[in-house]
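# Residue-level structure breakdown
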Amino acid sequence: MMQSSLMNSATPLLHVGIIMDGSGRWATSRGLPREAGHREGMLATRRVVEAAWGMGIGTLTLFAFSAENWCRPPREVANLLKIFEEYFVSEKTVWVEQGVCLSVIGRRDRLPPSLLEAVNEAEISTAAGRALRLRIAIDFSGRDAIVRAAERLNGERPATPEIFARLLGEATDNRTPAPEVDLIIRTGGERRLSDFLLWESAYAELYFTDRMWPDFDAQELEGALREFRGRHRRFGRVPAAVAD
Ligand code: IPE
Ligand code: IPE
Ligand code: MG
């Protein structure tokens, strides 16, 4: 993979979260079944994962299926789960070559066994990857993750945001806790978080685009990162020049 001119070796690696929305509408507007949009969305996911490392992204968390998405028609849910399974099976080898380390975040107890198996295999075979940490959120709820971290808090005194962040990381991911989110991108025109990484996004920059997920590509990702790098993240402070 090539690194782009957007960054140099001193640039810290970013954690970017993407809410991959709009695949259903992409299909409907073309007179296609929603499933066709989800399939096309898988291709967009492939493009974006391939481009991410070269743009200075160290951790990429992709929202693929929310805990609320179980309420969709059973046929759509079944199609989505099948597409995820195919994706994990088809990408495993290329991830190993590219140095991607995959983990799936979210509940696992409601996933079909064949999908779980594909997830486990992909996680095990990519465990040594160091170029990009890829987290795919399936049956994920930001609030549920917080509740599960709160359960683990039991007895930890004093309770601090740092301790809580560690517990949340442990409750969310089977790897070491991920860094705070720097940038959240949402495609598909909606301007909301839909229960994605709520705690971890406390100071994330937000980037919304009307483009539907299947049309998202490396060029738009680069544009989002350029806009991100032009923003002033103040974390509650005032600019250094006026600090005294
Ligand atoms: C995002 O696309 C994928 C999932 C939520 C699974 P949608 O399926 O929500 O597409 P729209 O928003 O209906 O167009
Ligand atoms: C958010 O999309 C979840 C994913 C992209 C996986 P939704 O389409 O489910 O969100 P809402 O219902 O518009 O908030
Ligand atoms: Mg949607």
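Residues numbered from 1 in each chain as written. Chains lettered and ligands numbered in written order. Predicted model: local features only at pLDDT ≥ 70, side-chain atom pairs only at ≥ 80, totals over all residues. Heavy atoms only, no water.

Within the structure shown, the criterion is met by 11 aromatic pairs. Ring geometry for Phe 63 and Phe 140: centres 6.1 Å apart, planes at 90 degrees, overall edge-to-face. Linking Phe 63 in strand S2 (residues 57-66) with Phe 140 in strand S4 (residues 132-140), this pair joins segments that are 77 residues apart in sequence. By relative accessible area, Phe 140 is classed as buried at 1%. Here the aromatic rings of Trp 213 and Phe 216 are separated by 5.2 Å at their centres, their planes lie at 20 degrees, and the arrangement is stacked. (Phe/Tyr/Trp six-rings, centres within 6.5 Å; stacked < 30°, edge-to-face > 60°. Helix = DSSP H or I, 4+ residues; strand = E, 2+ residues; numbered from the N terminus. Buried < 20%, exposed > 50% of the residue type's maximum accessible area, 1.4 Å probe, protein only.)

This part covers the site of ligand 1. Close contacts around ligand 1 come from 13 residues, with Asp 21, Gly 24, Arg 25, Arg 34 and Arg 72 the closest. One of the backbone nitrogen or oxygen atoms of Ser 23 is found 3.2 Å away from an oxygen atom of ligand 1. Gly 24 is positioned with one of its backbone polar atoms (N or O) 2.9 Å from an oxygen atom of ligand 1. Calculation on ligand 1 without its partners gives an accessible area of 380 Å², and the protein chains cover 86% of this total. A molecule is said to occupy a pocket when more than half its atoms come within 2 Å of that pocket's grid points, and by this definition ligand 1 occupies the largest pocket. (Near = heavy atom within 4 Å. Polar contact = N/O pair within 3.5 Å; in protein donor to acceptor, adjacent residues only side chain to side chain. Areas by Shrake-Rupley, 256 points an atom, 1.4 Å probe, with all protein chains shown as cover. 1 Å grid on protein atoms, 1.4 Å probe; cavity = no way out; pocket = protein on both sides within 12 Å on 5 of 7 lines; lining within 4 Å. Sits in = over half its atoms within 2 Å of the grid points.)

By volume, the largest pocket is sized at about 650 Å³. Taken together, 31 residues line the largest pocket, and the ones lying closest to its centre are Met 20, Asp 21, Phe 63, Ala 64 and Asn 69. Taken together, the elements giving at least two residues each to the lining of the largest pocket come down to helix H1 (23-28), helix H2 (34-52), S2 and helix H3 (74-98). Its residues placed into classes, the lining of the largest pocket shows 13 nonpolar, 9 polar and 9 charged. By volume, the second largest pocket is sized at about 160 Å³. In this structure, the second largest pocket is lined by Leu 13, Gly 58, Cys 101, Gly 129, Arg 130, Ala 131, Leu 132, Arg 133, Arg 175 and Thr 176. Of the residues belonging to the lining of the second largest pocket, the class tally is 4 nonpolar, 3 polar and 3 charged. (Points joined across faces, edges and corners; volume = space filled by probe spheres on them. Nonpolar A, V, L, I, M, F, W, Y, C, P; charged D, E, K, R; others polar.)

What follows covers the site of ligand 2. Taken together, Ile 19, Met 20, Asp 21, Phe 63, Ala 64, Phe 65, Ser 66, Asn 69, Arg 72, Arg 186, Arg 192 and Ser 194 are the residues near ligand 2. Interatomic distance of 2.9 Å between a side-chain N/O atom of Asn 69 and an oxygen atom of ligand 2. Arg 192 has a polar side-chain atom sitting 2.8 Å from an oxygen atom of ligand 2. Per-element tally for the shell around ligand 2: the top contributor is S2, with 4 residues. A per-class count over the shell around ligand 2 returns 5 nonpolar, 3 polar and 4 charged.

With 12 residues, helix H6 (residues 161-172) should cover 16 Å at 1.5 Å per step; its first-to-last C-alpha distance of 16 Å lies within 8% of that length. Taken together, the buried positions of H6 are occupied by Phe 164, Leu 167, Leu 168, Gly 169, Ala 171 and Thr 172. Tucked into the core, H6 has its buried residues touching strand S3 (100-105), S4 and helix H5 (142-153). (Expected span 1.5 Å × (residues − 1). Contact = heavy atoms within 4.5 Å.)

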